[in-house]
Amino acid sequence: MHNAALKAVGEQGEYEQCPIEPHSAGSVDLLQNIDDIKNGIENCHKSGRLLDGFNVTMPLKSKAYVWVQERGRLASNLGSAAHAMHVINTVKLEDRVPVGFNTDEIGFMQPLQNANLKYATVILLGAGGAARTIAATLGANIKAKKIIVWNRNPDKAGSLKKAIEAAFRFIEQSSSIDLVEDIHQLPVEGSRLFINATPMGQQGSDNIPKGILDRLHRELTVYDIVYEPRETELVRAARKRGCTVITGDRMLAAQGAEAFRIWTGKTHALDGTPIVN
């Protein structure tokens, strides 16, 4: 995505994947591993290559937040949800000083910018890192009345509920979080936004139960953050039932475009069409 954007705007550069290996079994010490990246930055500079920044993925986003606070600074326009959850996913190097950003909040909200969902009841499937950021964003930006969460692992759902309630207190929002253990008990009919933040729908993963898909209705906006495949079973069912549909590639493209703007100062393809097929 980023390499296509660089080519499209005539910028020289390359976006590469850089895996970080754990220093001990079962754990990842980002503070040590970022020093490894720092050494890589120095090597890039010595070889005549300039590293402008990098992305951080789960499970490193919260540790990156702490690291940037200690070694650099957080961006002045960091969103309230990112502050509340203490997560970043994008780092820009300014004179080799790291500056932390979070493009997930913008990426999630950009496809919803014309939706009127204030005080809506929202269904959120998932309790991982993406679901946490999304839930905090819903409270901070949409001011959802109620967020109803389902996850296969009730303990993870309970942990998400505690984290989000703390985040809502931080940003002084009154949205409530309810948990549902049985996916079939989700109040689909009374909701206006249905978000899938689980792997369900990806190739090799389970699909959302047909009993839920059959209850989708045309007043509902369905947001599936899965982007491969673009047309998941949830997306196909939502289109068939007349829902407003947002596919995962739109979130991916929007957050990627914001990171691209942060690194290069250039805006390109916020809707994703020239970059994501």
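Residues numbered from 1 in each chain as written. Predicted model: local features only at pLDDT ≥ 70, side-chain atom pairs only at ≥ 80, totals over all residues. Heavy atoms only, no water.

## With respect to the pairing of strand β7 (residues 176-179)
Put simply, the test is: For two strands to pair, DSSP has to find at least two bridges joining them. By the criteria applied, helices consist of DSSP H or I runs no shorter than four residues and strands consist of E runs no shorter than two, each listed in order from the N terminus. With the strands aimed away from the viewer, a crossover counts as right-handed if its path from the first strand over the helix to the second runs clockwise.
In this sheet, β7 lies alongside strand β6 (residues 146-150) in parallel orientation, the contact comprising four bridges. Along β7, the bridge assignment pairs Lys 146 with Ser 176. The β-α-β motif built from β6, the intervening helix α7 (residues 154-170) and the parallel element β7 has right-handed crossover chirality.

## Observations regarding the sheet that holds strand β1 (residues 53-55)
As a reminder of what qualifies: Should any heavy atoms of two residues lie within 4.5 Å, those residues are counted as being in contact. Note on method: axes are straight lines fitted to C-alpha atoms, helices fitted across the in-contact stretch only, with angles between N-to-C directions ranging 0 to 180 degrees.
If you trace the four strands from one edge of the open sheet to the other, you get β1-β3-β4-β2, paired in mixed fashion. Of all strands in the sheet, those with a lone pairing partner are β1 and β2 (73-74), marking the two edges. Examined bridge by bridge, β1 and strand β3 (residues 90-94) share three bridges and lie antiparallel to one another. Across the sheet, residue Phe 54 finds its bridge partner in β3, namely Val 91. The sheet contacts of helix α3 (residues 61-71) involve β1, β2, β3 and β4 (97-101), and relative to β4 the element is tilted by about 140°. Against the sheet, helix α10 (residues 248-264) contacts β1, β3 and β4, and its axis sits at roughly 5° relative to β3.

## Remarks on the side chain of Asp 224
For clarity, the threshold we go by: The classification of residues rests on relative accessible area computed with a 1.4 Å probe and restricted to protein chains. Under 20% of the type maximum is buried, over 50% is exposed, and intermediate values are partly exposed. For the purpose of charge, His is not counted, nor are the chain termini; Lys and Arg are scored as positive and Asp and Glu as negative. Basic side-chain nitrogens of Lys or Arg form a salt bridge, by our definition, when they fall within 4 Å of a carboxyl oxygen of Asp or Glu. The term polar contact refers here to a pair of N or O atoms within 3.5 Å; inside protein, the definition further demands a hydrogen-donor-capable atom paired with an acceptor-capable atom, and it admits residues adjacent in sequence only when both atoms are side-chain atoms.
Here Asp 224 lies in strand β9 (residues 221-224). Among buried Asp, Glu, Lys and Arg side chains, Asp 224 stands out as unpaired, with Arg 236 the closest opposite charge at 9.2 Å. A polar atom in the side chain of Asp 224 sits 2.7 Å from the side chain of Thr 232. Residues contacting Asp 224, with those up to four places away along its chain left out, are Asn 196, Thr 232, Leu 234, Val 235, Ile 246, Thr 247 and Gly 248.

## Some points on unusual backbone geometry
The amide bond that connects Glu 228 to the next residue, Pro 229, takes the cis arrangement and shows omega of 0°. Relative to the elements of secondary structure, Pro 229 occurs in the loop between β9 and α9 (233-240). Within the chain, His 86 stands out as a residue other than glycine whose phi angle is a positive 60°. Looking at where His 86 falls in the secondary structure, it is placed in the loop between α4 (80-85) and β3. According to the relative accessible area criterion, His 86 is partly exposed, its value standing at 42%.

## Observations concerning the environment of Gly 128
Structurally, Gly 128 can be placed in the loop between β5 (121-125) and α6 (129-142). C-alpha of Gly 128 to C-alpha of Ala 157: the two residues are 29 residues apart in sequence and 8.6 Å apart in space.

## Some details on the sheet that holds β7
Sheet architecture is open: six strands sit in the order β7-β6-β5-β8-β9-β10, paired in parallel fashion. Whereas interior strands pair on both sides, the edge strands pair on one side only; in this sheet they are β7 and β10 (244-246). This sheet shows a mean twist of 20° between the axes of neighbouring strands, independent of strand direction. Docked against the sheet, α7 engages β6 and β7, running at close to 175° with respect to β7.

## A word on α9
Here is the rule: Think of the arc as the fan of directions from the helix axis to the C-beta atoms.
Buried residues of α9: Leu 234, Val 235, Ala 237 and Ala 238, and no others. All buried residues of α9 fall inside an arc of 165° around its axis, so they share one side. Its buried side turned inward, α9 meets β8 (193-196), α8 (210-213), β9 and β10. A positive phi of about 80° marks Gly 242, the residue just after α9.

## A short note on the confidence of the model for the protein chain
What counts here: Across the chain, each position has a pLDDT score giving the predictor's confidence in that residue, from 0 to 100.
A residue-level look at the protein chain finds 84% of positions with pLDDT of 70 or above and a mean pLDDT of 84. Note on residues 24-28: pLDDT under 50 across the span, and five contacts to partners over four residues away in sequence or across chains.

## With respect to the packing of α6 against α7
Formally: It is the rotation of the near helix from the far one that decides the hand of a crossing: anticlockwise by less than a right angle makes it left-handed, clockwise makes it right-handed. In this classification, Asp, Glu, Lys and Arg are treated as charged, Ala, Val, Leu, Ile, Met, Phe, Trp, Tyr, Cys and Pro as nonpolar, and every other residue, Gly included, as polar.
It is the contact of α6 with α7, at a shortest axis distance of 10 Å, that shows an interaxial angle of 35°. By crossing handedness, the relation of α6 to α7 is classed as right-handed. Facing Ala 131, Arg 132, Ala 135, Ala 136 and Gly 139 of α6, the residues of α7 in contact are Ser 159, Leu 160, Ala 163, Ile 164 and Phe 168. Here the residues of the contact of α6 with α7 sort into seven nonpolar, two polar and one charged.

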